[in-house]
Amino acid sequence: MEEENVLEILQRYRRDRRVLLSFLFSGSLIKKVVMPPGAVTLDDVDLDQVSVDYVLNCTKKGEILELSEAIRDYHDSVGFPHMVDSSSIDDFFLTTNPESSGSPPRRSPPSVPVVTPPVVLPSLSQPEESLGGDLTNSEHSIDESLQNIGLFTARSLKAESFNSLQAKELTIDDIEDFEDVDDGEEVDCRRISRRVLNDASDIMPGLPPFATGISDDDLRETAYEILLACAGASGGLILPQKGKKKDKKTSLLRKLGRSKNGHVVSQSQHSPGLVGLLEIMRVQMEISEDMDIRTRQGLLNSLAGKVGKRMDTLLVPLELLCCISRAEFPDKKAYIRWQKRQLNMLEEGLINHSAVGFGESGRVSSEMRIILAKIEESEFLPAAPGELQRAECLRSLRAVAVPLAERPARGDLTGEVCHWADGYHLNVRLYEKLLLSVFDMLDEGKLTEEVEEILELLKSTWRVLGITETIHYTCYAWVLFRQFVITSAKPMMQLAIDQLKRIPLQDQLSPQERLHLRSLQSTLLDDDSSQRFSFLQAYLMPIWKWADKQLGDYHMHFLEASQMKDVVTVAMVSRRLLQEEPESGVQQFRISDLDQIELYVTSSIKNAFSKVLLTIEATSKNVHEHPLTLLAEETKKLLKKDTAVFLPILSQWSPQATFISASLLHELYGVKLRPFLENSKQLTEDVIYVFIAADSLEQYVIALMTSTYGEETAESYCRKFRRFQIETLSGTLVMRWVNSQLGRIVAWIERAIQQEPWDPISPQQRHGSSIVEVYRIVEETADQFFALQVPMGSTELNSLLRGIDNAFQVYANHIVGTLVKIEDLIPPVPVLTRYKREAGIKAFMKKEILDQKLPEGRKSSEIIVLPTRTLCVQLNTLHYAVSHLSKLEDSISERWLKKRPSDKFAKPAPGDKSRSFSQKNAFDGSRKELNGAIDRICAYTGTKIVFWDLREPFIDDLYRPSVSSSRLEVLIEPLDMALNELCDVIMEPLRDRIVTSLLQASVDGLVRVLLDGGPSRVFSISDAKMLEEDIDVLKEFFISGGDGLPRGLVENLVSRVRHIIKLHGYETRELIEDLKSASGLDVQGGKGKLGVDVNVLLRILCHRNDSEASQFVKKQYMIPMEL
C-alpha cells in the first residue's frame, strides 16, 4: 500500500511539474527560449528532464533560457540528495526507516582486532601526483599483510590509513578515498535483496550439465562480454570518459540512496543511444564498473592491427586472455577466477559443445585441453617462468582455437562468423542470461522500462550465438515462464503465453530451419538410462510438465480462475508444439486435447475427493454427525467450487468437463453410500441425515447438469447415472408415518366436534373454535411432513393430501349430522276439503285423485331444533373451512416445489400418478362437501324460521278466517326480528345466501297457505288484489331499498306465488273450464291454458268462496266439505 502511495505521489509530482513548465513556456515571462540541438519545438523536448529551478532562475533574472543548459543542470542535480531550503537546523533526513529498524541492540558488538599497518603512509597534505605510486604500493602491501584477516577488518584498516586526520564529517571530496572494490559488495547486497520466492528447479531445461562446472555467474559475465563484442561491431563500444572521482561519488550516492525496503534506488542518468543502453545492461546484468572497463579495453585492444576484422567475429575469451593482464585486477585470486572462467568457456564452446564436429579423432581436443591446463598451471609457477609459459600457451591456443572457431557452418564463409559459442546448449544458456536482463531489479515481477530497446540490442548477439527467431521465442518464453514461477507475477505469465503463441509450427518453418532445429539435440544421462531431447523438447517439456502437474491436481494448486486459465493455455499451447516433435516419448501427447482436459478433471477430482476422505476420517470422531453426512456436504462443496471456479475454464476446451466432474463425484460418493443403504432397515436419526445429505447432493448434480446443458441433453446424461434410489427406500417409512398421522387427525376432529359449544370466538371471529383446532392439527401434520426432509415421492404427498381432504369431509358431515330432518320442521298438510258453510258430508275422491293421508308427524317435544344463532355459527365455521383451503393448498404446493424443485429426470415409481396430480385441486372433495353443507344448513335455517319459529303467525293464522282480517303485514315484524338475528351473527359473505333461503322459505309458506291452508281458509276473487299487495310488501321487505337482496333475484323467487295469486283473480267458470281441459280422461297432472297443473287448479277451487266451485269439486272429485 505504501509503494502504491509513493507511486501515486510521484506521478502527481511529474504531472504538476509538466503543468508548471508549460505555463512558464506559454506566457511572456521568459525573454527567449533557445532549443537544444535536434529540437525544433517544445514538443520535441522531454520536459521531465528540464530543471525547474534553472527555468525559474532565468525567469527571475530575465535571462535567455537555454534548454540544453536546463537539461544539463537537471542531470547534474540528479546524483545529489534533495535539499530543503529551511532555516531550521533541527530538520534532518534518515536513510533508513525508523519503524522497520527494530529495537536497539541489547548486546555489545564484537571487538575489532587492532592491526598495526606495516607501512607508514605519507601525509595526505602531499600532492596527489606524488602519492599515486605510493598509495598503490601501500595498498598492495596492506592486502598482502591482511590475507588472513576478515574483509571487515581490512576495509577498516584502509579507511583508517586514508583518514589519519580523523575528520569528523564525511564530505564529497572524501568520496575518492573509497575503493571500487565496494562495487562488488554493492552487487552482492543487491543480489541478497532480490530474494527468490518460489522454487523453479522443476522447470529447468533438458540440457546436460557443463563438464567444466561453469556457474550461472560465469555464464552471466561471459554473456555480457559477448554483448559488448557485438555492440562493438556496430561502433557502440567506447570507454567511459568520466573520472574515477565522479564514479566513486556515484557509487557512494547509490549506497546512500537505498529505499526503505533495502533496494537500491538508481540515481544515475544514462546517456542516450547505444552507450546509455549498454550502461543499463551493465546494471541489469550486475556487472561491476571495473569489469566493464576491463572488458571494453580488452576488446578494443584486440582489434589493434586487425584491419577489417569485425569485433563480433573475434574469439572473445581468447582475445580477453591475451589483452587483459594480471595488473588490471585488485588481487591474484580475482584474476585466477576470471582466467579460469575464460578457459572453461573455450573448452565448452570449442570442444564439449562445438557447433561443427571435428571430423577426426580426438587429437585436436586433447591438444587443446593440454594447452588450457598449462595456462592454469602457469599461475602457480614463479613469476618469470610462469609468464613465459603463459605467453607460449596463448600462442599455441590461438593457433588451435581460431581454426576451430572459424570453421564454416550453415553455409557461412570462412572468417564471417566465429562459431565458438553456438554449439547449441552453451549458446542458449548464454542467451538466457542476456534475456534475464529485461526484468526490473527492484521488482522482479515486472519488466524494465527499456525492455524493447534491450530486446532489440540482443538481436545483435544472434550472429555470434547462432540464435534464430524460433530459438529466441522459445528461450524468451521459457525465461518469462520461469520468472512467473519464481515471482508468481501474472504479467509474466501473460507475456510467456504471447511468446509461446509466436513459436511457429512445423509447417510454418522453412525446410532449412526445420532441419536446423532437429539437429539441435541434447542428451541427459540418468542412473540407468539416457534421454534425448530436441531443442523445443528441452525448453517446452519442462513448461508442459509443470503445467501438467499443476492441472493434475488443480483443486490444490489454484485458488482463482484467472490463475488456472493461464496455466491451461500454457499447457495446451506447449502440448500442441510438442506433439509435432518426433519421438516425443510421452503417451499423453498421442491423445486429443479434449481427452487431455478430461484427464485433468478426472485426476484432480480423484485427488481432491481422497483429501476430503482423509479429512473426514480424521475429524468425524470429534463430531456427532455420521461420516457419510459430512462426506456428502464436503462433496457438494467440492463440486460447487469446481463449477464456480474451474469448470468454466475447462469447458472452453472440453464441453463435457462439467458432466465428467459431476458424474465422477456422484459415483465416488455412491461407492461409499451403497453399503450403508443396504444395511438401513429403519428410519433412525443417522439414516435420516444421510438420506437428506445424499439426496441433496444428487439433486444438486441434476440441477447443475440442467443449467449447463439444457433439459434434453441433461436428461440423456442423467440416464447414465447410477441413481442412489433413496426416495424408494424412504417412501415406505414415510407412508407409515403419514397413515398414523391421518388417523390422529380424524380422532381429533371427532373430539373437537363433540366439545364444540358453537359460540363465536369473538365479535370479529364469528366462527366456532373447532375449525381452528382442525386447521391447527392439519398444519402441524403438514409441517412435520415437510420437516422430515427425507427424500420422498409424490405418492407420499398424495396420501397426505387425500387424508386431509377426507378429514374436512368428515368435519362437514359431522356438522350436518346434528340437524333434524326438514320434514320434521314442516307441519302436516291438511286433508283437502271444499268450501261449504254447513258441515257433515263425507268426502270420496275420484279415481284420478290419489288418497292423501295426513302424515304421522313427530311431536314437538321429540324434535331437537338448534337455535338460529347456533346455525349461523355453524355456517360461519363451514365458510371459514372453505375459505382457508386455498391457503393450505398453496402452502403445501409451495413447500413441495421447494422440496423437489429439480428432479425432472427421476424414473416414476410403480403406481405413482403424480405426473397427472395437481396440488391446486387436491381438496376439491372437501370444497364440494363443505359448500353442500352450507347450502343444506341455509335451507334448513330458512325452513326452521318460517315453519317452526313462525308457524303460528305464518302457517296457522295468516289469512284466517279471511284475507282482509289477517294480512301479511303482521308477519313483517317477526320476519324482521328473525332477519336481524341472522345478520348479527352471520358473516358478510354468507348474508345473501341465508337471506335468500329465508325468502325461499317464506314463499314456500305462502304457497302452503294459499293452496293447502285447510278448511278454515277461503279466498274470493276480490282477495286477489290484496294478495298482490301482500306479495309486494314481502318483496320490498327483502329488497330493503337496495340494501337487501337484488331485485331480480327476489322477483324470480316470488314469481311462483304471484302466479298462484293471479289464478285467484280468475272467474270460477274459467278455472273450471281450464281444469276440465287439463284433466281429460285418465290424465292427471296436465296443464291447461292458464299454465298450471290440475292439483293447483283443484286446490284453488277447493278454497274458492263460491258455491259453483264447491259443487264442481263435489261432483267431479267427491271432495267433502270437512272431515
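Residues numbered from 1 in each chain as written. Predicted model: local features only at pLDDT ≥ 70, side-chain atom pairs only at ≥ 80, totals over all residues. Heavy atoms only, no water.

1. A word on the overall build of the protein chain
Within the protein chain, the regular secondary structure consists of 43 helices and four strands. Sorting the 1123 residues of the protein chain into buried and exposed places 46% on the buried side. For the protein chain, the computed accessible surface area is about 58,200 Å², with 53% contributed by carbon and sulfur atoms. (Helix = DSSP H or I, 4+ residues; strand = E, 2+ residues; numbered from the N terminus. Buried < 20%, exposed > 50% of the residue type's maximum accessible area, 1.4 Å probe, protein only. Areas by Shrake-Rupley, 256 points an atom, 1.4 Å probe, with all protein chains shown as cover.)

2. Side note on the packing of helix α12 (residues 332-352) against helix α13 (residues 363-378)
With their axes 11 Å apart at the nearest point, α12 and α13 run at an angle of 180° to one another. Relative to α13, the element α12 is oriented roughly antiparallel. Along its contact with α12, which presents Gln339, Lys340, Leu343, Leu346, Glu347, Leu350, Ile351 and Asn352, the element α13 presents Ser365, Met368, Arg369, Leu372, Ile375 and Glu376. Residue composition of the contact of α12 with α13, grouped by class: seven nonpolar, three polar and four charged. (Axes fitted to C-alpha atoms, helices over the stretch in contact; angles between N-to-C directions. Parallel < 35°, antiparallel > 145°, perpendicular 65-115°, else oblique. Contact = heavy atoms within 4.5 Å. Nonpolar A, V, L, I, M, F, W, Y, C, P; charged D, E, K, R; others polar.)

3. Observations regarding unusual backbone geometry
Cis geometry marks the peptide bond from arginine 960 to proline 961; its omega dihedral reads 0°. Topologically, proline 961 is positioned in the loop between α36 (951-956) and α37 (969-985). Despite not being glycine, glutamate 286 shows a phi value in the positive range, around 60°. Note that glutamate 286 resides in the loop between α9 (273-284) and α10 (289-302). Residues other than glycine seldom take positive phi values, yet methionine 1118 does so here, at roughly 55°. Mapping methionine 1118 onto the fold places it in the segment after α43 (1107-1117).

4. Structural notes on the confidence of the model for the protein chain
Confidence along the protein chain averages 78 in pLDDT terms, with 77% of residues attaining 70 or more. Throughout residues 85-89 the model reports pLDDT below 50, and contacts reaching past four residues in sequence, or to other chains, amount to one contact. (pLDDT = per-residue confidence, 0-100.)

5. A closer look at a nonpolar patch on the surface
On the surface, Leu7, Leu10 and Tyr13 cluster together to form a nonpolar patch covering roughly 310 Å² of accessible area. If you trace the backbone, leucine 7 turns up in helix α1 (residues 2-26). Of the residues examined, leucine 7 reaches a relative accessible area of 45% and is grouped as partly exposed. (Patch = residues over 30% accessible without salt bridge, like charges linked within 9 Å, V, L, I, M, F, W, Y side chains within 5 Å. Salt bridge = Lys/Arg side-chain N within 4 Å of Asp/Glu carboxyl O.)

6. Regarding helix α39 (residues 1023-1039)
For α39, built from 17 residues, the straight-helix expectation of 24 Å at 1.5 Å per residue is met to within 8% by its first-to-last C-alpha distance of 24 Å. On the buried face of α39, the contacting elements are α37, α38 (988-1011) and α40 (1047-1064). A positive backbone phi angle near 55° is found at serine 1040, which sits one or two residues after α39. (Expected span 1.5 Å × (residues − 1).)

7. Here's the deal with the packing of aromatic side chains
Under the criterion given, the structure shown has 19 aromatic pairs. Their ring planes at 85° and their centres at 5.2 Å tell us that phenylalanine 481 and tryptophan 546 sit as a pair that is edge-to-face. In this pair, phenylalanine 481 is assigned in helix α18 (residues 469-487) and tryptophan 546 in helix α21 (residues 535-552), connecting sequence segments 65 residues apart. Looking at tryptophan 546, the relative accessible area reads 15%, which means it is buried. One aromatic cluster in this structure is built from Phe329, Tyr335 and Trp338. (Phe/Tyr/Trp six-rings, centres within 6.5 Å; stacked < 30°, edge-to-face > 60°.)

8. Observations concerning helix α29 (residues 726-754)
Working note: α-helix, 3.6 residues per turn, so residues spaced by three or four point in the same direction. Under the 1.5 Å per step criterion, the end-to-end length of α29 is 43 Å for 29 residues, consistent within 8% with the ideal 42 Å. The principal kink in α29, of about 30°, is found at threonine 732. Buried within α29 we find Ile726, Ser730, Gly731, Leu733, Val734, Val738, Gln741, Leu742, Ile745, Ile749, Ala752 and Ile753. The inward-facing, buried residues of α29 abut α26 (657-678), α27 (685-709), α30 (769-787) and α31 (794-816). (Bend = angle between axes of the 7 residues up to and from the residue.)

9. Some points on the packing of helix α7 (residues 216-233) against α10
α10 packs onto α7 with a crossing angle of 45° between their chain directions and a minimal axis gap of 10 Å. By the angle class used here, α7 and α10 are oblique. Along this stretch, α7 crosses α10, giving a crossing that reads as right-handed. From α7, Glu221, Tyr224, Glu225, Leu228 and Ala229 reach across to α10, where they touch Met291, Asp292, Thr295, Arg296 and Leu299. (Left-handed = near helix turned anticlockwise from the far one by under 90°.)

10. Considering the side chain of threonine 868
Relative to the helices and strands, threonine 868 is located in helix α33 (residues 868-883). On the basis of relative accessibility, which here comes to 5%, the residue threonine 868 falls in the buried class. A polar side-chain atom of threonine 868 sits 2.9 Å from a polar atom in the side chain of lysine 944. Excluding its chain neighbours within four sequence positions, the residues that come into contact with threonine 868 are Thr941, Lys944, Ile945, Asp949, Glu981 and Leu982. (Polar contact = N/O pair within 3.5 Å; in protein donor to acceptor, adjacent residues only side chain to side chain.)

11. What about the pattern of salt bridges?
Scanning the model with the defined rule gives 45 salt bridges in all. As a salt-bridge pair, arginine 575 and aspartate 593 come within 2.5 Å of each other at their nearest N and O atoms. In this pair, arginine 575 sits in helix α23 (residues 561-579) while aspartate 593 sits in helix α24 (residues 593-619), placing the two residues 18 residues apart along the sequence. The salt bridge partner of aspartate 1032 is arginine 1058, with a shortest N-O separation of 3.5 Å. Here the residue aspartate 1032 occupies a position in helix α39, and arginine 1058 occupies one in helix α40, the gap between them amounting to 26 residues. Classification of aspartate 1032 as partly exposed rests on a relative accessible area of 32%. The network of salt bridges with shared partners includes Glu1028, Asp1032, Lys1035, Glu1051 and Arg1058.

12. Structural notes on the environment of glutamine 506
Its place among the elements puts glutamine 506 in the loop between α19 (490-502) and α20 (511-519). Exposure remark for glutamine 506: the relative accessible area of 14% places this residue in the buried category.

13. Points about the environment of threonine 833
Secondary-structure assignment places threonine 833 in the loop between α32 (822-825) and α33. Its relative accessible area of 5% is what places threonine 833 among the buried residues. Between the C-alpha atoms of threonine 833 and isoleucine 1119, which are 286 residues apart in sequence, the distance is 5.6 Å.

14. What about the state of the cysteines?
For the structure on display, the rule yields zero disulfides. With no disulfide of its own, cysteine 323 has cysteine 322 as its nearest cysteine by sulfur position, at a separation of 6.2 Å. (Disulfide = S-S within 2.5 Å.)

15. Remarks on the environment of leucine 21
By the secondary structure assignment, leucine 21 is in helix α1. A relative accessible area of 0% means that leucine 21 is categorised as buried. In sequence terms leucine 21 and valine 52 are 31 residues apart; their C-alpha atoms lie 7.1 Å from each other. Non-local contacts of leucine 21, meaning those with residues more than four positions away in its chain, are made with Leu47, Val50, Val52 and Val55.

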